[in-house]
Amino acid sequence: MSRLVMKFGGTSVGDVERIARVARLVAAERKPGRGLAVVVSAMAGETDRLVALARAAAGEGGNKAPLAGDDFNDEYDVVVASGEQATTGLLALALRRIGVPARSWQNWQIPFRTDAAHSKARVLDVETEALAASIDAGCVAIIPGFQGVTAEGRISTLGRGGSDTSAVAVAAALGAERCDIYTDVDGVYTTDPRIVPKARRLDKICYEEMLEMASLGAKVLQTRSVELAFARRVPVRVLSSFAEPGAANPGTLLCPEDQIVEKQIVSGIAYSRDEAKISLLGVADRPGAAAEIFTKLADANINVDMIVQTEARQAGRQNMLFTCPDRDAQRASETIAEAREQIGVEEIHLRRDVAKVSVIGIGMRSQAGVARTMFAALAQKGVNIEAIATSEIKISVLIDAAYTELAVRALHSAYGLDVA
Ligand code: ADP
Ligand code: ASP
Ligand code: MG
């Protein structure tokens, strides 16, 4: 018996007609000896609507401080997880309507277990006994993405975009031949096709590159889903949910690096506008200063990304800058401000209108001149670089957010990625 997992994102299940189309795509994948599990997102816009409701109920925008943290996150999960629950029932009905046996499985019924980190839970394990028996008997299982159940039996969610991770976790647990992620683009492109019309679809991309692309801002797959696919060696394909059932729809296959014959120096370009820059001027130049700063930030649960430290003009002082997600920026700056005298920081500056643009490629490991091409292309467009970070297979720069699209397009051309 083989098994296939199919996942459909929000736009793909955006209304009842689209759900009927999804049902036909699912029906076209049925064949003897193959069990099907389908993971669905909430209908497009539904999660945003539910998030806004939860925030309003918790008092956001009111006179008193709104509920936050542990007082908020568990019930937030109950609210937002309901979007996916509705879609499972709708798709099960649409399948039955065309004669395909199907049933919905809420996560507590499977169970699909996560830790108790509400609103950003991690998958622990997926029980498969009952689920596998049902799909192997020919009944298509419709599973809500994004949600899970904790050891206490409470509903959890996996963070925005988390249905991708749900699908890969189900595929890994079921030992599926593949996990097909159907979305509103027909594969993974060299960069976001919405901002670069000359972007190209990739036939294959290796897990390492996809991991960098996702974590550096390409929203096509949630980062955690790629990590999980990489760790569990789940073949993942990203493809269009708008293709006709049975028509050619090759998409993009995520695969191990050794299956990529021609290693591109740069395979893709990612960008993220969810960035802020915090500059600390005149930091005491003594052992332990950086440790104190980043301990304070870690204790406040703030993820720091790029870090640059340089000598200041005054003796005994350093300048430092770091970036963090924009939503945490105010808190990060306040956290340092509270400990300013104790650490020895003269000035704190916060800048929120910055973006990170990154070029990614496994071919970089063995090629010189990749950074030069990037910096020259940006210089030619008059884009100033405020910080740089590199790893073996990526180079990221921080720039003024107003130049994001210009920079991505310029780099796309500079590395020869434009379609002819
Ligand atoms: P879904 O609702 O199906 O999960 P998402 O909106 O999360 O879909 O992801 C698909 C979107 O990702 C596309 O519409 C596209 O604009 C965006 N995207 C960003 N970078 C890329 C890329 N490199 N390749 C393809 N799509 C990308
Ligand atoms: N519905 C959730 C979201 O909008 C999860 C997902 O679609 O992947 O973030
Ligand atoms: Mg998504």
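Our structure is the block above this text.
About the thresholds
- Residues numbered from 1 in each chain as written.
- Chains lettered and ligands numbered in written order.
- Predicted model: local features only at pLDDT ≥ 70, side-chain atom pairs only at ≥ 80, totals over all residues.
- Heavy atoms only, no water.
- Core = buried A, V, L, I, M, F, W, Y, C linked by side-chain atoms within 4.5 Å.
- Buried < 20%, exposed > 50% of the residue type's maximum accessible area, 1.4 Å probe, protein only.
- Helix = DSSP H or I, 4+ residues; strand = E, 2+ residues; numbered from the N terminus.
- Contact = heavy atoms within 4.5 Å.
- Axes fitted to C-alpha atoms, helices over the stretch in contact; angles between N-to-C directions.
- Parallel < 35°, antiparallel > 145°, perpendicular 65-115°, else oblique.
- Left-handed = near helix turned anticlockwise from the far one by under 90°.
- Nonpolar A, V, L, I, M, F, W, Y, C, P; charged D, E, K, R; others polar.

Undergrad: Pulling in residues and values, what's your account of the nonpolar core?
TA: Counting 44 residues, the largest nonpolar core has Val5, Cys179 and Met210 as its most contacted members. Here this core gets seven residues from one element, more than from any other, and that element is helix α6 (residues 163-174). With sequence-adjacent residues up to four places away left out, Val5 is seen in contact with Ala37, Val39, Ala167, Val170, Ala171, Leu174, Ala176, Arg178, Cys179 and Asp180. Met374, Ile399, Leu411 and Tyr415 belong to the second-largest nonpolar core, a separate cluster that totals 23 residues.

Undergrad: Hey, could you go over unusual backbone geometry for me, with residue numbers and the actual values?
TA: Look at the link from Ile110 to Pro111: it is a cis peptide, with omega at -20 degrees. Here Pro111 is to be found in the loop between β3 (102-104) and β4 (112-114). With a phi close to 80 degrees, Ser119 is a non-glycine residue in the positive phi region. Within the secondary structure, Ser119 sits in the loop between β4 and β5 (123-126).

Undergrad: Report on the packing of helix α7 (residues 207-215) against helix α8 (residues 223-232), specifying residues and quantitative values.
TA: Describing two packed helices takes the angle between their axes plus the distance from one axis to the other. With their axes 8 Å apart at the nearest point, α7 and α8 run at an angle of 165 degrees to one another. As far as their axial angle goes, α8 and α7 are roughly antiparallel. Remark: the crossing between α7 and α8 carries left-handed chirality. Residues Tyr207, Glu208, Met210, Leu211, Ala214 and Ser215 of α7 form the contact with α8, whose own contacting residues are Thr223, Val226, Glu227, Ala229 and Phe230. When its residues are assigned to classes, the contact of α7 with α8 shows seven nonpolar, two polar and two charged.

Shape is all these values report; function is a separate question.
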